[in-house]
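An overview of the molecular structure
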Amino acid sequence: MSMKIEYHEYDVLVVGAGGAGLNAAQVASQYVKTAVISEVYPTRSHTISAQGGISASLGNLEPDNWHWHMFDTVKGSDYLCDQDAAEFLCRKAPEMIIELEHIGLPFNRTPEGKIAQRPFGGHTAEYGKRPVKRACYVADRTGHAMLQTLFEKAVAQGTQFYSEFYALELIRNDNRVCGVLCMNIQDGTLHLFHAKAIIFATGGNCRIYETNSNAHINTGDGLALALRAGFSWADPEFFQFHPTGIYGHGNLITEGVRGEGGILLNGKGERFMERYAPTIKDLAPRDIISRAMVKEVLAGNGVGPDKDHVLLKIDHIGKEAIMEKLPGIHELALVFAGVDCTREPIPVMPTAHYQNGGIPTNYLAEVIKGYGEDGEEVYPGFYAAGECAANSVHGANRLGTNSLLDLVVFGRTAGERAAKFAKENEIADLPENAGEKGVKILEKFANSNGKYTFGPLYKELTTLMQNKAGVFRTEELMTEAVKELDDIEDKLSDFKVVDKSTVYNLDLIEALELNNMVTVSKVAAKAALLRKESRGGHSREDYPERDDVNYLKHTNAVLSGDGKSIEITYRPVRLKPLTVETFPPKPRVY
Ligand SMILES: Cc1cc2nc3c(=O)[nH]c(=O)nc-3n(C[C@H](O)[C@H](O)[C@H](O)COP(=O)(O)OP(=O)(O)OC[C@H]3O[C@@H](n4cnc5c(N)ncnc54)[C@H](O)[C@@H]3O)c2cc1C
């Protein structure tokens with residue numbers, strides 16, 4: 001392995017080329033010299049697989065407005081989102097859709113030529129009275145269309161891309177972030193990117209669960225790097241389990257299927273959501289449906305020889321409608337479940353889908369440094385957007401289609417703020433030991449020759465997270481999880497990377513990713529153990545109620561000591577919106 005480090009200098013450096021990173025980059029590139037580094041070619045980022053849509057209260061098919069959208073976002077989050085950020089998100093949404101349309105995103109249209117909209121879980125009219133058509137979409141390939149459009153725009157703006165560059169370390173000095181150390185996966189060379197402003201847009205981490213809907217690269221690298229550089233992870237215990245993963249595989253069947261009229265049935269053929277959410281039934285938020293499905297299975301109402309899943313029926317909307325609006329789903333069901341959904345129901349169970357928390361920021365996507373007596377202090381020149389960030393609009397549970405929206409809203413804001421910062425500030429000096437930590441981790445794994453290899457250890461980690469820190473959680477299971485995760489971490493010191501080459505060494509990349517996944521899992525499990533209530537995606541069998549007296553607060557996790565210990569503190573939720581009145585916590589009935 002060559003340890004010569006090539007130097008690059010930019011005004012703005014974006015890490016990650018999903019929807020958030022590309023939108024940030026195309027905006028920043030309009031003002032300053034901007035580069036994007038990405039582990040994969042940009043259009044292979046997970047955003048490509050987003051299916052169902054992007055929300056905005058355009059009101060193209062029926063009356064809608066951003067107040068209702070904001071209400072749904074706050075209620076959907078189980079009151080853990082910051083209400084200033086929720087207002088910012090929902091007010092900006094219509095403008096962002098028009099902007100995307102103008103740069104070429106080919107949305108589906110109504111017969112009159114307006115942007116078409118479909119209903120989605122948890123989106124309602126008149127503060128919860130009935131489902132509303134709010135999700136703009138491109139068939140069931142919305143993310144695909146969005147990522148291609150944003151990539152073309154970024155290229156046109158002159159963004160410099162470094163594809164298949166793997167970030168190893170976020171470099172900072174006392175008061176500024178100043179660079180990122182990367183390895184070029186294609187030849188093993190090291191590169192130090194020195195920049196005035198840095199935007200993290202590294203996506204999610206649901207690969208830590210055995211059954212998940214995520215791309216292979218969603219291993220929480222950005223979070224682990226930020227944690228190691230001393231930044232915090234907000235609300236790490238909150239994951240979203242999407243109700244309709246293909247049984248046995250986890251691939252996602254979009255909520256758009258239920259938006260188009262699909263319904264869930266148990267083994268008795270009952271439409272059981274009528275019992276759990278009488279008003280909006282199969283379009284209740286994801287956490288509520290996932291728990292209802294697991295409860296049906298536990299009550300013996302499941303389907304199949306083991307009665308361990310339920311069914312998603314869609315054939316009644318007709319073959320023509322399915323092939324026009326949900327062609328990708330038809331293909332997925334055929335390939336993974338062997339089911340032709342124009343004739344038969346699809347077997348489904350919840351799948352780990354989304355990380356709700358992330359690197360904490362304010363609503364301007366500026367990373368928060370700490371929480372002193374004077375409130376929050378931001379860290380100059382450091383921004384985060386997309387799934388790796390807690391901006392924080394999703395709280396304990398994200399509404400479907402609010403993620404693609406958050407990518408473009410906070411991606412744009414991060415791009416604008418970073419460009420402004422870069423124009424107004426000189427580049428910060430690199431610390432003397434810049435890149436040392438990253439090189440050390442790289443060398444540790446590149447030269448490793450111990451007992452454990454990626455496959456079995458990854459399996460051990462993901463089954464542990466699935467069984468002991470998954471949909472249902474208890475004190476006992478999670479105490480075991482925390483302990484066993486320490487054991488897995490110890491095994492990383494006796495690891496073996498078999499491939500010793502420098503060219504496209506994915507064995508090495510997987511080892512580095514596993515190292516990050518272990519860190520991320522440890523933080524998530526510990527935070528989940530300490531939150532003794534049920535809220536949104538965090539469901540404790542031993543504390544089944546939401547507890548606003550003790551837990552209406554954000555978790556704030558940092559690494560301490562040798563980087564192996566985790567310190568957890570809490571901070572208040574921002575219940576004060578920018579302009580409208582507060583939505584105080586209420587029971588969450590749908
Ligand atoms: C199957 C599926 C369907 C979905 N459908 C919808 C939907 O219909 N509507 C909706 O709103 N949301 C949906 N979501 C959620 C949404 O798509 C994601 O939350 C969102 O796309 C994440 O975008 P991102 O820009 O944050 O990151 P990603 O698109 O995940 O991109 C992450 C980027 O970070 C880079 N990266 C990561 N680690 C490193 C590293 N170490 N070094 C260098 N680069 C790195 C990667 O290369 C990649 O470019 C869906 C999610 C899934 C999984």
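What you see as residue numbers is a count from 1 along each chain, following the sequence as written. Local features in a predicted model are, by the rule used here, given only for residues with pLDDT of at least 70; side-chain atom pairs are given and counted only at 80 or more, and totals for whole chains, interfaces and linings are based on all residues. Only hydrogens and water are removed before side-chain values are computed, so all heavy atoms of the structure are retained for them.

What to know about the site of the ligand
Neighbouring residues are identified by heavy atoms, a residue being near a molecule or strand if any of them is within 4 Å of it. Near the ligand lie 38 residues; those nearest to it are Ser45, His46, Thr47, Glu387 and Leu404. The separation between an oxygen atom of the ligand and a polar main-chain atom of threonine 202 is 3.5 Å. In protein, a polar contact requires one atom able to donate a hydrogen and another able to accept it; more generally it is a pair of N or O atoms within 3.5 Å, and residues adjacent in sequence count only if both atoms are side-chain atoms. The backbone of threonine 401 places a nitrogen or oxygen atom 3.5 Å from an oxygen atom of the ligand. Only the protein chains shown count as covering a residue, and every accessible area follows the Shrake-Rupley method with a 1.4 Å probe. Look at the ligand: alone it shows 1000 Å² of surface, and the protein chains cover 98% of it. Of all the secondary-structure elements, those providing two or more residues to the shell around the ligand are α1 (19–28), β7 (165–172), β14 (346–355) and α11 (402–424). In DSSP terms, a helix is any run of H or I states spanning at least four residues, a strand is any run of E spanning at least two, and both are numbered starting from the N terminus.

Observations concerning the sheet that holds strand β4 (residues 117–125)
Strand order across the open sheet formed by three strands is β3-β5-β4, with antiparallel pairing between neighbours. What marks the edges here is a single partner per strand, and that holds for β3 (54–55) and β4. Bridge analysis of β4 against strand β5 (residues 130–136) gives five bridges, and the strand direction is antiparallel. For glutamine 117, the partnering residue across the bridge sits in β5 and is cysteine 136. DSSP bridges decide pairing: two strands pair if at least two such bridges lie between them.

As for the side chain of threonine 142
Structurally, the position occupied by threonine 142 is in helix α4 (residues 142–156). Within polar-contact distance, the side chain of threonine 142 engages the backbone oxygen of glutamine 51 at 2.7 Å. Residues are treated as being in contact if the distance between any of their heavy atoms lies within 4.5 Å. Residues within four places of threonine 142 in sequence aside, it is in contact with Ala50, Gln51, Gly52, Gly53, Ile54, Cys136, Tyr137 and Leu404.

Describing the packing of helix α13 (residues 454–468) against helix α14 (residues 475–491)
Working convention: axes come from line fits to C-alpha atoms, limited for helices to the stretch in contact. Angles between N-to-C directions cover 0 to 180 degrees. Close contact between α13 and α14 brings their axes to 10 Å; oriented N to C, the two are set at 170°. By the angle between their axes, α13 is roughly antiparallel relative to α14. As α13 runs across α14, the sense of the crossing is left-handed. In this structure, α13 contributes Leu457, Glu460, Leu461, Leu464, Met465, Asn467 and Lys468 to the contact, and α14 contributes Leu477, Met478, Glu480, Ala481, Glu484, Leu485, Ile488 and Lys491. For classification purposes, angles smaller than 35 degrees are called roughly parallel, those larger than 145 roughly antiparallel, those between 65 and 115 roughly perpendicular, and all remaining angles oblique. Put simply, a crossing is left-handed when the front helix is turned counterclockwise from the back one by less than a right angle, and right-handed when it is turned clockwise.

Here's the deal with the pattern of salt bridges
For this document, the term salt bridge refers to a Lys or Arg side-chain nitrogen within 4 Å of an Asp or Glu carboxyl oxygen. In this structure the tally under the stated criterion is 45 salt bridges. Between arginine 130 and glutamate 126 there is a salt bridge, with its nearest N and O atoms 3.2 Å apart. Arginine 130 sits in the partly exposed class, given a relative accessible area of 35%. Connected via shared salt-bridge partners are Asp78, Glu237, Asp287, Arg291, Arg531, Glu533, Arg535, Arg546, Asp548 and Arg588. Remark: exposure states derive from per-residue accessible area (1.4 Å probe, protein chains only) relative to the maximum for the residue type, with buried under 20%, exposed over 50%, and partly exposed in between.

Some words on unusual backbone geometry
A cis amide bond links asparagine 391 with the next residue in sequence, serine 392, at an omega value of -5°. Its location among the elements puts serine 392 in the loop between β18 (389–390) and α11. Backbone geometry at tyrosine 79 places phi at a positive 70°, although glycine is not the residue there. Take tyrosine 79: it is sitting in the loop between α2 (66–76) and α3 (83–102). Residue tyrosine 79 is classed as buried on the basis of its relative accessible area of 3%.

Topic: the sheet that holds strand β19 (residues 553–560)
Read across the sheet, three strands follow the order β10-β19-β20 without closing on themselves; strand pairing throughout is antiparallel. The two strands at the open ends of the sheet, each matched to only one other strand, are β10 (233–234) and β20 (565–572). Bridge count between β10 and β19: two bridges; the pairing is antiparallel. The partner of tryptophan 233 across the bridge, within β19, is alanine 557. The strands touched by helix α5 (residues 221–228) are β10 and β19; relative to β19, the strand with the most contacts, the crossing angle is about 70°.

Digging into the domain arrangement of the protein chain
Domain segmentation is taken from an automatic or database assignment of domains. Parsing the protein chain into structural domains produces domain 1 (244–350) and domain 2 (436–551). Joining two parts hides part of their accessible area as seen by a 1.4 Å probe, and the buried area is that hidden amount summed over both. For the pair domain 1 and domain 2, the two sides together bury roughly 420 Å², of which 75% comes from carbon and sulfur. A per-residue breakdown of the area domain 1 buries against domain 2 is headed by Asp287, Arg291 and Val294, which together make up 73% of the total. The interface formed by domain 1 and domain 2 includes zero salt bridges. Residues are grouped as follows: Ala, Val, Leu, Ile, Met, Phe, Trp, Tyr, Cys and Pro are nonpolar; Asp, Glu, Lys and Arg are charged; all remaining types, including Gly, are polar. Its residues placed into classes, the side of domain 1 that touches domain 2 shows two nonpolar, no polar and two charged.

A look at the environment of leucine 326
When you line up the elements, leucine 326 lands in the loop between α9 (319–325) and α10 (327–337). Among the residues examined, leucine 326 registers a relative accessible area of 0% and is labelled buried. Distance in space between the C-alpha atoms of leucine 326 and proline 63 is 25 Å, their sequence separation being 263 residues. Each residue touching leucine 326, except ones within four places of it in the same chain, is listed here: Arg118, Asp140, Thr254, Gly256, Val257, Glu260, Ile314 and Ala321.

Observations regarding the environment of leucine 100
Examined against the element boundaries, leucine 100 turns out to sit in helix α3. Spatially, the C-alpha atoms of leucine 100 and methionine 146 are 8.0 Å apart, while their sequence positions differ by 46 residues. When residues no more than four places from it in sequence are discounted, the contact partners of leucine 100 are Ile54, Leu105, Phe107, Leu150 and Val408.

Observations regarding the packing of aromatic side chains
Stacked, edge-to-face and tilted are the three classes for Phe, Tyr and Trp ring pairs, Trp counted by its six-membered ring, which pair at centre distances within 6.5 Å; planes under 30 degrees apart are stacked, over 60 edge-to-face, the rest tilted. One pass over the structure, following the stated rule, counts 18 aromatic pairs. Ring centres of phenylalanine 200 and phenylalanine 382 lie 5.5 Å apart, and the angle between their planes is 85°; on these two criteria the pair is classed as edge-to-face. Remark: phenylalanine 382 occurs in strand β17 (residues 375–384) and phenylalanine 200 occurs in strand β9 (residues 190–200); sequence separation between them is 182 residues. This pair shows no difference in class: phenylalanine 200 is buried, exactly as phenylalanine 382 is. One aromatic cluster in this structure is built from Tyr10, Tyr162, Phe165 and Phe193. The lysine or arginine in question, arginine 398, covers the ring of tyrosine 354, its NZ or CZ lying 4.1 Å from the ring centre. In our convention, an over-ring charge means Lys NZ or Arg CZ found within 6 Å of a ring centre and within 35 degrees of that ring's normal.

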